[in-house]
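Survey of secondary and tertiary structure
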Amino acid sequence: MDTDLHELLRSLRVWDPEVTELPPFDPGTAPGEPLALFARWFAEAVAAGEREPHTMTLATADEEGLPDARIVMLHGADAGGWSFATHATSRKGRQLAARPYAALTFYWPALGRQVRLRGPVSVAPPEEARTDLRVRSTGALAAALTGHQSEPLGSVEELTRASEEAWERARQDPTAESPTWTLYRLRPDEAEFFQGDARRRHLRLRYRRERDGWAGELLWP
């Protein structure tokens with residue numbers, strides 16, 4: 001089994017030129033702050049056919065400082081930060097309560113691009129969390145209403161019953177509220193934009209927040 005896995009790994013190619021066209025990137029023409037460049041790259045990822053460009057890795061740490069990571073969905077990005085949502089009672093919600101600092105990573109393989117952000121995380125006002133929940137799909141609302149995220153589950157049947165009840169409630173009341181549903185914002189202290197290169201001369205542009213704005217610098221790949 002291990003041999004099969006290693007052989008499979010060796011057979012894979014990153015940014016195969018038959019299916020991937022790596023775009024040029026001139027850091028000298030990049031905007032002076034990361035949000036504008038993120039918006040540009042996000043639009044280009046959508047145009048390139050990325051199926052889920054709004055998914056991202058959220059990395060947190062628990063009370064002991066041990067790392068944790070999972071894939072979540074971007075709910076928005078503006079001057080206030082990059083937004084995502086979850087239950088305050090979930091594992092990541094508890095970790096953010098104990099250590100309100102996190103990192104986000106986007107990966108868009110069709111363009112050979114990554115965006116990495118890290119900084120303090122704050123909780124948005126409850127009315128914004130309610131608005132966020134109301135604009136979600138019926139399935140997403142039902143998942144939020146099911147609750148118990150990260151808690152031990154007794155059986156698949158128990159999940160099925162709770163989910164069906166939540167779906168029915170979401171259909172009947174699209175404005176239903178989930179008390180623990182929380183909207184978070186990560187306000188980056190640091191943002192890195194990585195552009196892959198077929199000859200491995202990758203370009204990395206890092207923004208660092210300073211008192212009066214942003215400073216940019218290049219990093220070795």
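For the structure, see preceding data.
What comes next is a walk through the structure. (Residues numbered from 1 in each chain as written. Predicted model: local features only at pLDDT ≥ 70, side-chain atom pairs only at ≥ 80, totals over all residues. Heavy atoms only, no water.)

Side note on the layout of surface pockets
The following threshold applies: Think of a 1 Å grid over the protein atoms and nothing else: a 1.4 Å probe that fits but is trapped marks a cavity, an open set flanked by protein within 12 Å on at least five of seven lines marks a pocket, and residues with an atom within 4 Å of a point count as lining. Grid points are joined across faces, edges and corners, and a volume is the space filled by probe spheres set on the points. Only DSSP runs of H or I reaching four residues or more are called helices, and only runs of E reaching two or more are called strands; each is numbered from the N terminus. Residues were grouped as follows: Ala, Val, Leu, Ile, Met, Phe, Trp, Tyr, Cys and Pro as nonpolar; Asp, Glu, Lys and Arg as charged; and all remaining residues, including Gly, as polar.
The volume enclosed by the largest pocket comes to roughly 510 Å³. Lining the largest pocket are 26 residues, and of these His87, Ala143, Gly147, His148 and Gln149 sit closest to its centre. Listing elements by their share of the lining of the largest pocket, those giving two or more residues are strand S2 (67–73), strand S4 (81–87), helix H5 (138–146) and helix H6 (156–172). Residues belonging to the lining of the largest pocket are distributed by class as follows: 13 nonpolar, 8 polar and 5 charged. Approximately 240 Å³ is the volume attributed to the second largest pocket. The wall of the second largest pocket is formed by 16 residues, among which Leu22, Pro23, Gly196, Asp197 and Ala198 lie closest to the centre.

A word on helix H3 (residues 91–98)
Our working rule: Between buried and exposed lies partly exposed: a residue is buried under 20% and exposed over 50% of the maximum accessible area for its type, with that area taken using a 1.4 Å probe on protein chains only. Directions pointing from the helix axis toward each C-beta atom define the arc. Contacts are assigned to residue pairs that have any heavy atoms within 4.5 Å of one another.
Turning to H3, its buried residues number three or more, namely Lys92, Gly93, Gln95 and Leu96. Along the axis of H3, the buried positions cluster into a sector of 165°, meaning they face one direction only. Against strand S1 (55–61), S2, S4, strand S5 (101–108), strand S6 (113–123) and strand S7 (181–186) lie the buried residues of H3.

Comments concerning the side chain of Arg185
Using the following cut-off: N or O atoms within 3.5 Å of each other form a polar contact, as long as, within protein, one can give a hydrogen and the other can take it, and as long as residues adjacent in sequence are counted only when both atoms are side-chain atoms.
Among the secondary structure elements, Arg185 is positioned in strand S7. Looking at Arg185, the relative accessible area reads 19%, which means it is buried. Here Glu128 takes part through its side chain, which lies 2.3 Å from a polar atom of the side chain of Arg185. Those residues in contact with Arg185, other than ones at most four positions away along the chain, are Gly80, Gly81, Trp82, Ser83, Pro120, Val121, Ser122, Ala124, Pro125 and Glu128.

Comments concerning the packing of H5 against H6
We count it as follows: Under this scheme, a helix contributes an axis fitted over its contacting stretch, all axes are lines through C-alpha atoms, and angles between N-to-C directions fall in the 0 to 180 degree range. Should an angle fall under 35 degrees it is taken as roughly parallel, and over 145 as roughly antiparallel, whereas 65 to 115 is taken as roughly perpendicular and any remaining angle as oblique. Note on convention: near helix rotated counterclockwise from far helix by under a right angle means a left-handed crossing. Clockwise means right-handed.
H6 packs onto H5 with a crossing angle of 125° between their chain directions and a minimal axis gap of 8 Å. What the angle tells us is that H5 and H6 run oblique. Once H5 is placed against H6, the crossing between them reads as right-handed. Contacts from Thr138, Gly139, Leu141, Ala142, Leu145 and Thr146 in H5 reach Ala162, Ser163, Ala166, Trp167, Arg169, Ala170 and Arg171 in H6.

Describing the environment of Val123
Positionally, Val123 belongs in strand S6. Sequence spacing of Val123 and Tyr184 is 61 residues, and the spatial spacing of their C-alpha atoms is 4.7 Å. Each residue touching Val123, except ones within four places of it in the same chain, is listed here: Thr182, Leu183 and Tyr184.

A look at the pairing of strand S9 (residues 203–210)
Here is the rule we go by: Criterion used throughout: strands pair if DSSP finds at least two bridges between them.
When strand S8 (residues 190–195) meets S9, the two strands line up antiparallel, connected through 6 bridges. Bridge assignment links Phe194 to a residue of S9, and that residue is Arg204. Both S9 and strand S10 (residues 213–219) contribute to a ladder of 7 bridges, which runs antiparallel. Bridge pairing in S10 links Arg206 to Glu217. Connecting the antiparallel pair S9 and S10 is a turn made up of 2 residues.

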